[in-house]
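Survey of secondary and tertiary structure
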Amino acid sequence: MTRLRIPVVPGAVLLLAVACGFALFGSAARAQQEQAQQEQAQSTRNFHNALAKAPEKARAMHSQVETEPDAAAAGGKLFDLHCAECHGKKAAGTRRGPSLLGLEMQQAPPGAIFWVLTNGVVRHGMPVWSKLPEPQRWQLVAFLQSLRSPGRQPPPGSAGEQ
Amino acid sequence: MNETRYAVRHTVASLLHLRFAALLLAALAPLLAPSPAHAQESPYIVTYDHYLEEPGSLEVEYYSTLGTQRGGNAFHSFWAEFEYGVKAWWTTEFYLDGQTTFNQSTVFTGFRWENRLRPLAREHLVNPILYIEYEHTKASDKILKEVEGHDVEADYAVPNSVSNRDQDHELEFKLLLSSQVKGWNIALNPLFVKNLSPSEPWEFGYALGLSRPLGLKASPQRCNFCPENFIAGVEMYGGLGDSRSPGLNQTSHYLAPVLAWNLPSGWTLRLSPGFGLNDTSHQFLLRWGVSREFAGFGAAVRRLFGASR
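Residues numbered from 1 in each chain as written. Chains lettered and ligands numbered in written order. Predicted model: local features only at pLDDT ≥ 70, side-chain atom pairs only at ≥ 80, totals over all residues.

1. Re the overall build of chain A
- Of regular secondary structure, chain A possesses 6 helices and 0 strands.
- Along chain A, helices and strands appear, N-terminal first, in the series α-α-α-α-α-α.
- Buried positions account for 45% of the 162 residues belonging to chain A.
- Considering only intrachain contacts with a sequence separation of at least 6, the fraction spanning at least 24 residues in chain A is 72%. (Helix = DSSP H or I, 4+ residues; strand = E, 2+ residues; numbered from the N terminus. Buried ≥ 20, exposed ≤ 12 C-beta atoms within 10 Å, placed from the backbone. Contact = placed C-beta atoms within 7 Å.)

In structure tokens form, the structure reads like this:
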């Protein structure tokens, strides 16, 4: 009768190699995740700094579409087309752009949001959006404000609903 | 009749040749970056405004120009552009040019590499962009994207068999000045070109543009035919002589209405009939273009090489 010989040494080496592989893969994935979180936190800080830098004159500006009931819905469409790629479909942020649902954003006057949209945060990756006519930028502001009002639902079919 | 058939055959062949690269990339791009972006593209074909490509986005563009030619054969020139937003303040663009001269031949005429840099962080009444381009093109190039120096219609009458032998290496500098006022875009681009051959003088040119969307407010529904999707305008461009003989003598100038249609699917169509303003200009240029922007292209490429989302 022949006895089954278990190749102990090669088996152990193989197990060790697999374990090392998992450990390395896990630590690389963790490092990437941490890096992504750091990047998002940094972009959020940059965005809030930009909001805080909006001049008084800009902060005092009033929306051109304040009284228009469709403004937030139109802004939602614009958000889907121009902003969702970086800020996420729910405006909750991605690695490329910060969340627009934070406290600083909620407390910012509409004029400050409009100012950041117009001027971008060019040195930190956000392009200027003055190519959108002023009324469209105000429609975007109306949409972003609708995200923070608990009583108001995002318009049907807009980014905020997804 | 035969001539028409020949022209049509050559046009189709030339389109197939040069569009191959554009179509290949256009076909690959959705695999890499499945989200087309709607970028409110300007209608200009020659003039530049101060808006750069969004960072990480790739725009693939194809343009055609059909031109009449006195003292020679009419032509169809065409070019592909691959425009990438490296940073919010830096856009780089690669061009491939070609042309078909009817009853002659279809030729590849060279490439260009352009960079646009935004020096100011914020918007101002007038926004400057620095533009630098290296051109490696043949004398047979007829895209007429830049009209400079003493370029005149007669230069383009030289047969392809002759002009295709001359190779130009040029550096081109532009100062792109652009302003956005009440929905109107006003752009002015002075142009300075230096052929890298030491004996060649500096050449000068200009482009001016004015445009406005047909609707300033967005409608709440996603729609193809909403007025805000259309941007209409006009551009004017021409040469201003060179450092040896500056001025308007022996220069050509064009006036061209422009129209862009930005579709929500991410496609943009442009149309521009151009009219020569003096006897040394081509009488008529019909230009059209189609482009599509792919947002997140850079991130998709990085993911292919192992970066996390």
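2. Quick look at the nonpolar core
All names here are of chain A.
- Ranked by size, the top nonpolar core spans 41 residues in total, and within it I113 and V116 carry the most contacts.
- Going through the elements one at a time, helix 1 (8-53), helix 3 (71-87), helix 5 (110-119) and helix 6 (134-148) are the ones with two or more residues in this core.
- Looking at this core element by element, the count peaks at 10 residues for helix 3.
- With residues up to four places along the chain from it excluded, the contact list for V116 reads A50, L51, A54 and V121. (Core = buried A, V, L, I, M, F, W, Y, C linked by C-beta atoms within 7 Å.)

3. Some points on the interface of chain B and chain A
- Taken together, the 30 residues of chain B in the interface contact 30 residues of chain A.
- Broken down by class, the residue content of the side of chain B that touches chain A amounts to 14 nonpolar, 9 polar and 7 charged. (Nonpolar A, V, L, I, M, F, W, Y, C, P; charged D, E, K, R; others polar.)

4. Digging into the environment of A139 of chain B
Residues and elements named next belong to chain B.
- Its place among the elements puts A139 in the loop between strand 6 (127-138) and helix 2 (160-163).
- In sequence terms A139 and V158 are 19 residues apart; their C-alpha atoms lie 9.1 Å from each other.
- Excluding anything up to four places from it in sequence, A139 contacts S163, D166 and D168.

5. Concerning unusual backbone geometry
- Although it is not a glycine, A91 of chain A sits at a positive phi angle of roughly 60°.
- Mapped onto the elements of the fold, A91 of chain A is located in the loop between helix 3 and helix 4 (103-107).
- With a phi close to 50°, K182 of chain B is a non-glycine residue in the positive phi region.
- Inspection of the secondary structure assignment puts K182 of chain B in the loop between strand 7 (167-181) and strand 8 (184-195).

6. Describing the packing of helix 3 of chain A against helix 6 of chain A
All names here are of chain A.
- Between helix 3 and helix 6, the shortest axis-to-axis distance is 7 Å and the interhelical angle comes to 100°. In this view, helix 3 runs roughly perpendicular relative to helix 6, as classed from their interaxial angle. Across the interface between the two elements, A71, A72, A74, G75, G76, L78 and F79 of helix 3 pack against Q136, Q139, L140, A142, F143 and S146 of helix 6.
- When grouped by side-chain class, the residues that make up the contact of helix 3 with helix 6 number 8 nonpolar, 5 polar and no charged. (Axes fitted to C-alpha atoms, helices over the stretch in contact; angles between N-to-C directions. Parallel < 35°, antiparallel > 145°, perpendicular 65-115°, else oblique.)

7. Comments concerning helix 3 (residues 297-304) of chain B
Residue and element names in this part refer to chain B.
- Among all positions of helix 3, only F297, A299 and A300 are buried. Looking down the long axis of helix 3, one finds its buried residues gathered within 165° of arc, a one-sided arrangement.
- Positive phi appears at G306, one or two residues downstream of helix 3, with a value of about 100°. (Arc of directions from axis to C-beta.)

8. Structural notes on the pairing of strand 5 (residues 105-117) of chain B
Residues and elements named next belong to chain B.
- Where strand 4 (residues 90-101) and strand 5 come together, 12 bridges link them in antiparallel fashion. Residue pairing for strand 5: E93 is matched across the bridge by E114.
- Count of turn residues in the strand 4/strand 5 antiparallel hairpin: 3 residues, of which N103 carries a positive phi of about 65°.
- As judged from the 8 bridges shared by strand 5 and strand 6, these two strands associate in the antiparallel manner. Considered in strand 6, the bridge of R116 is made with Y131. (Pairing = 2+ DSSP bridges.)

9. Observations concerning the pairing of strand 10 (residues 230-242) of chain B
Residue and element names in this part refer to chain B.
- Pairing of strand 9 (residues 202-213) with strand 10, which is carried by 10 bridges, proceeds in the antiparallel orientation. Bridge pairing in strand 10 links G209 to E235.
- As judged from the 9 bridges shared by strand 10 and strand 11 (residues 253-262), these two strands associate in the antiparallel manner. Its bridge partner being in strand 11, M236 is matched across the sheet by L255.

10. Digging into the packing of helix 5 of chain A against helix 6 of chain A
Residues and elements named next belong to chain A.
- Running from N to C, helix 5 and helix 6 point in directions that differ by 125°, and their axes come no closer than 9 Å. Judged by the angle between their axes, helix 5 and helix 6 are oblique. The two elements helix 5 and helix 6 meet at a crossing, and its hand is right-handed. Every residue of helix 6 that contacts helix 5 at P110, I113, F114, L117 and T118 is listed here: R137, W138, L140, V141, L144 and Q145.
- For the contact of helix 5 with helix 6, the class distribution of residues is 8 nonpolar, 2 polar and 1 charged. (Left-handed = near helix turned anticlockwise from the far one by under 90°.)

That is the geometry; function is a separate question.
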